[in-house]
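Next come the chains, spelled out residue by residue.
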Amino acid sequence: MRDIFALETSLSGPHYQRVIWFKLQQPGDNGFYRAVSSLNAFFHARRLSRNVTTARQFTRHDERERQLYQHTTLPDHRVADIWEFYQHIGFDYKAIRYSTGERIRRFDGTRYI
């Protein structure tokens, strides 16, 4: 398993809010395909990008990119895997919506609406 972190960015107030670390399964591990498919759908969906809402945005980074954010004083949160990450941010991956009531923004090819 390798470490991945998601950087939460507020779209209304101070830019960076927190860093959430989780482990990503390696090929051959049980549940690898399901976890990677869900992760890619969350961060890289073409029209309905689940990582951008009306209030915040999540960006995915590898552990090697942590040095780029060393100057920030963000609180670090550690969760076990992608499923616990969804629970931590309040995302229901089965219904594809946030439990907080935030609206997922659609991408029309040039901008988020």
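Preceding this section is the structure that the text describes.
No experiment lies behind these values; they were computed from the predicted model shown. Here, residues in each chain are numbered from 1, in the same order as that chain's written sequence. Totals for whole chains, interfaces and linings use all residues, but because this is a predicted model, local features are given only for residues with pLDDT of at least 70 and pairs of side-chain atoms are given and counted only at 80 or more. Excluded from the side-chain calculations are hydrogens and water; all other atoms, namely the structure's heavy atoms, are used.

Engineer: For this particular structure, what's the right way to read the pattern of salt bridges?
Structural biologist: Opposite charge on two side chains lets them pair, provided their charged atoms get close. Put simply, a salt bridge is a Lys or Arg side-chain nitrogen that is within 4 Å of an Asp or Glu carboxyl oxygen. Per the counting criterion, the structure on display carries 7 salt bridges. Between D3 and K23 there is a salt bridge; the shortest N-O distance is 2.7 Å. Of this pair, D3 sits in strand 1 (residues 2–10) while K23 sits in strand 2 (residues 16–24); the two residues are 20 residues apart in sequence, bridging distant segments of the chain. With a 1.4 Å probe rolled over the protein chains alone, any residue whose accessible area is under 20% of its type maximum counts as buried; one over 50% counts as exposed, and the rest are partly exposed. For D3, a relative accessible area of 16% puts it in the buried group. What makes K23 partly exposed here is its relative accessible area of 34%. The helix and strand labels rest on DSSP assignments: H or I over at least four residues marks a helix, E over at least two residues marks a strand, and numbering proceeds from the N terminus.

Engineer: Explain unusual backbone geometry to me, please; I cannot follow it from the model alone.
Structural biologist: We note that I96 has phi near 55°; this positive angle belongs to a residue other than glycine. Along the polypeptide, I96 turns up in the loop between strand 5 (91–92) and strand 6 (97–98). You can call I96 partly exposed: its relative accessible area is 35%.

Engineer: Before we go on, may I ask you to explain the nonpolar core in this structure?
Structural biologist: In a soluble, globular protein the nonpolar side chains are often hidden away together inside. Only buried residues count toward a nonpolar core. Its members are Ala, Val, Leu, Ile, Met, Phe, Trp, Tyr and Cys residues joined through side-chain atoms within 4.5 Å. The biggest cluster of nonpolar side chains holds 18 residues, and the ones touching the most others in it are F22, F42, F58, F85 and I89. Within the residue set of this core, elements represented by two or more residues are strand 1, strand 2, helix 1 (32–44) and helix 2 (82–89). Those residues in contact with F42 that sit more than four places away from it in its chain are S49, R50, N51, F58, F85, Y86, I89, F91 and Y98. If you look at the next biggest cluster of nonpolar residues, it comprises 6 residues, including F5, L7, W21 and L74. Residues count as neighbours in contact if any of their non-hydrogen atoms are within 4.5 Å of one another.

Engineer: For this particular structure, what's the right way to read the environment of F32?
Structural biologist: As for its position among the elements, F32 is in helix 1. With relative accessibility at 24%, the residue F32 sits in the partly exposed group. Considered as a pair, F32 and F107 are 75 residues apart in the sequence and their alpha carbons are 28 Å apart. Residues within four places of F32 in sequence aside, it is in contact with Q25, Q26 and P27.

By themselves, these figures tell us nothing about what the structure is for.
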